[in-house]
Structures are given as structure tokens and as C-alpha cells.
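So the chains spell out like this:
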Amino acid sequence: MAVFPIRTFPDPVLRMPARAVAVVDDEVRRLIDDMIETMYAAPGVGLAAPQIGVGLRVVVFDAGEGAQALVNPVLEDSNGSWVYEEGCLSVPEHYWGIKRASFARASGLDRQGRAVVFAGEELLGRVLQHEIDHIEGVLLLSRLPRRTRREALRELREEALQAQGPR
Ligand code: ZN
């Protein structure tokens, strides 16, 4: 297993919809193991493959019941409404109160390629929605109200410029 560097905003890979996994083979299982190790090292509660630069529809998460993997995840159902201080490993050190469904149910394949369903309220529901967004190339910034999003983008661009240093 290996810990991979996590891609951060504004890396374009984070904006690209990922490709479906054709077969859950040893290579995909190795990717899942690396993603789980990277998620725990960060530390975070979820990680999607594009966040380590791999354009495949694979997510891992641990909403308190151990590490889980979901391949080719599909959000089947969501309802309710819940505002929660949400962050993202690809937009480090920022948190925003983001409104999402309070319940979510997602289906997909597990690491053996078997059909699996995860459903939950609160953190699990939140993580499922957040990670499936990543698979579609959507960052949590897109879930902010317009005005907050504008301010957030301005702040992040300034930070990125400062990180590059003077030219
Ligand atoms: Zn994220």
C-alpha cells in the first residue's frame, strides 16, 4: 500500500467526470487499498480516485464503521435537508456550512465486484453525496450559495497565487 499526494483546487483533474470501472480486478483492489491508506493518513473520512489523480469511479470512506469501498457508485435516493460544516481534502483548511440531503442511499460494487448498497443519515449520507460529487467532477464549492461561492473562489485563488510565491 502507498500514500499518494492529494490533488488540490484548482487542479483540473478535480473537475473531470471519472470513467466507470469495467472489471473489479487486483489492480482496482490495489487502488482501493492505496486510497484507504491515503484517506487515513490525511486524515479524512472519504476519498475519491480523482483526488489522487486517477480518473476512475472509485470512492472510499469511513463514516465510523470502518473503511468501505464503492466502485461505480450511483446515488439512488436522497431526501431531507441538513446543514453541516463540511470540508474537503482537496480544498484543505476550509470549512463551510453546506446544505445537503440528510439521508442518502448509494449503490455500487464492493472490492470483490459484488453489488452493495450503503444508506444512512448524517455523516454517512453526507460522505456518500460528497464523494459521488467528486466522481462527477463536482467540488463542494459548487454546493455553496452563489455569494459565498464567489467569496470562497476569490480567497482560494489568492491563496494559490501566494503559494506560488513572487515571480
Ligand atoms: Zn472532497
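Figured I'd write up the structure that's included with this text. (Residues numbered from 1 in each chain as written. Predicted model: local features only at pLDDT ≥ 70, side-chain atom pairs only at ≥ 80, totals over all residues. Heavy atoms only, no water.)

Along the chain, glutamine 129 falls in helix H2 (residues 122–135). Residue classification places glutamine 129 among the buried residues on the basis of a relative accessible area of 8%. Looking at glutamine 129, its side chain comes within polar contact range of the main-chain oxygen of alanine 101, at 2.9 Å. (Helix = DSSP H or I, 4+ residues; strand = E, 2+ residues; numbered from the N terminus. Buried < 20%, exposed > 50% of the residue type's maximum accessible area, 1.4 Å probe, protein only. Polar contact = N/O pair within 3.5 Å; in protein donor to acceptor, adjacent residues only side chain to side chain.)

Here aspartate 110 lies in the loop between strand S6 (103–109) and strand S7 (115–121). Side-chain polar atoms of aspartate 110 contact the backbone nitrogen of glutamine 112, separated by 2.8 Å. Sequence-distant contacts of aspartate 110, that is, excluding residues within four places in its chain, are made with Val24, Ala69, Val71 and Val116. (Contact = heavy atoms within 4.5 Å.)

So, on to the layout of surface pockets. Taken as a whole, the largest pocket spans an internal volume of roughly 410 Å³. Along the wall of the largest pocket there are 24 residues; nearest its centre are Val45, Gly87, Cys88, Leu89 and Tyr95. Breaking the lining of the largest pocket down by element, the ones donating at least two residues are strand S4 (82–88), strand S5 (91–100) and H2. Among the residues making up the lining of the largest pocket, the classes are represented as 12 nonpolar, seven polar and five charged. By volume, the second largest pocket amounts to about 190 Å³. In this structure, the second largest pocket is lined by Thr8, Phe9, Ser90, Val91, Pro92, Glu93, His94, Leu156, Glu159, Ala160 and Ala163. The set of elements that each furnish at least two residues to the lining of the second largest pocket consists of S5 and helix H3 (146–164). Classifying every residue of the lining of the second largest pocket by side-chain character gives six nonpolar, three polar and two charged. (1 Å grid on protein atoms, 1.4 Å probe; cavity = no way out; pocket = protein on both sides within 12 Å on 5 of 7 lines; lining within 4 Å. Points joined across faces, edges and corners; volume = space filled by probe spheres on them. Nonpolar A, V, L, I, M, F, W, Y, C, P; charged D, E, K, R; others polar.)

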